[in-house]
Amino acid sequence: SRALFLAGKLVQSSQLLAGAEQMLRSQSKLEAEDAALLPQISIYRAAISAMCGRISEARNLISQVKLPYSTLHLQARAMDTLGLIHELAGEQDAAIKAYLNASESALAASVSYLAINARCEAAIVQLAQGRLTEAQESCRGALQMGRSGYEQIPPTGMAWAILAEI
């Protein structure tokens, strides 16, 4: 479903999520690992709703997600989706805050790709607002997160592209 979402195939992604959710909910007893998939499905459904312009529905879905504190990765994913919702609703300051919180949670969960991506998403919103210094700082933070020895992991290319635009 995530691959379809990233490819812009939102209808197909949504259909797969609905099928997975239906299958999980039909089980009489869910293993803890399977039960953890339900909040993740809701997070992706909220992102799809936001991308389709259904902001109210997206807000409702994301507000219903209840995550245990031990799931930093899912918390980061939920904050990233909340940033998307705020951004598409025209609430730039809230979007920046959510994206930066997502980045910190992802970093704490050792999910560098999401940490870098969320930091870059904040930079894009900052850039659109003309807050160039803040956008540069966000990109530099993303570049620092992406260092692995002398190499940088692939998502840092987004930070370089934003810096080039500034």
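Residues numbered from 1 in each chain as written. Predicted model: local features only at pLDDT ≥ 70, side-chain atom pairs only at ≥ 80, totals over all residues. Heavy atoms only, no water.

> Honestly, the overall build of the protein in this entry has me stumped. Any pointers?
When helices and strands are counted, the protein shows ten helices and two strands. Mapped from its N terminus to its C terminus, the protein presents α and β elements in the order α-α-α-α-α-α-α-α-α-β-β-α. Taken over C-alpha atoms, the radius of gyration comes to 16 Å for the protein, in line with the 15 Å a tight globule of 166 residues would show. With the principal axes as the frame, the protein shows a C-alpha extent of 50 × 35 × 30 Å. Sorting the 166 residues of the protein into buried and exposed places 42% on the buried side. Considering only contacts within the protein whose residues lie at least 6 apart along the sequence, 52% involve residues at least 24 apart. Carbon and sulfur atoms form 54% of the exposed surface of the protein, whose accessible area is close to 9,000 Å². Considering the protein, the positive charge centre built from 14 side chains and the negative charge centre built from 15 side chains are found 3 Å apart. (Helix = DSSP H or I, 4+ residues; strand = E, 2+ residues; numbered from the N terminus. Rg over C-alpha atoms; globule rule 2.2 N^0.38 Å. Buried < 20%, exposed > 50% of the residue type's maximum accessible area, 1.4 Å probe, protein only. Contact = heavy atoms within 4.5 Å. Areas by Shrake-Rupley, 256 points an atom, 1.4 Å probe, with all protein chains shown as cover. Lys, Arg positive; Asp, Glu negative; His and termini not counted. Charge placed at Lys NZ, Arg CZ, Asp CG, Glu CD.)

> Please explain unusual backbone geometry as it appears in this structure.
Excluding glycine, residues mostly carry a negative phi; peptide bonds, for their part, are mostly trans. Even without glycine at this site, Ser-110 takes up a positive phi of about 60 degrees. By the element assignment, Ser-110 lies in the loop between helix 7 (92-108) and helix 8 (112-128).

> I would appreciate a short explanation of the nonpolar core in the present structure.
The tendency in soluble globular proteins is for nonpolar side chains to be buried side by side. Core analysis: the largest hydrophobic core is formed by 26 residues, its most contacted members being Ile-43, Ala-50, Ile-62, Ile-85 and Tyr-99. Looking at this core, the elements that each hand over two or more residues are helix 2 (10-26), helix 4 (37-51), helix 5 (55-63), helix 6 (72-88), helix 7 and helix 8. With eight residues, the top contributor of residues to this core is helix 4. Val-111, Ala-135, Cys-139 and Leu-143 belong to the second largest nonpolar core, which has 17 residues in total. (Core = buried A, V, L, I, M, F, W, Y, C linked by side-chain atoms within 4.5 Å.)

> Even after reading the chapter, I still don't get the state of the cysteines, so can you show me in this structure?
Within the structure shown, the criterion is met by zero disulfides. Here Cys-120 stays free of any disulfide, with the sulfur of Cys-139 as its closest cysteine sulfur at 5.3 Å. Note on Cys-120: relative accessible area 0%, which makes it buried. (Disulfide = S-S within 2.5 Å.)

> Would you mind showing me how to read helix 8 here?
Each full turn of the α-helix corresponds to 3.6 residues, which orients residues three or four apart in the same direction. The end-to-end C-alpha distance of helix 8 is 24 Å, a good match for the 24 Å that 17 residues give at a rise of 1.5 Å each. Burial analysis of helix 8 places 13 of its 17 residues in the buried class, which makes it a mostly covered element. Looking one or two residues beyond helix 8, the residue adopting positive phi is Gly-130, at roughly 80 degrees. (Expected span 1.5 Å × (residues − 1).)

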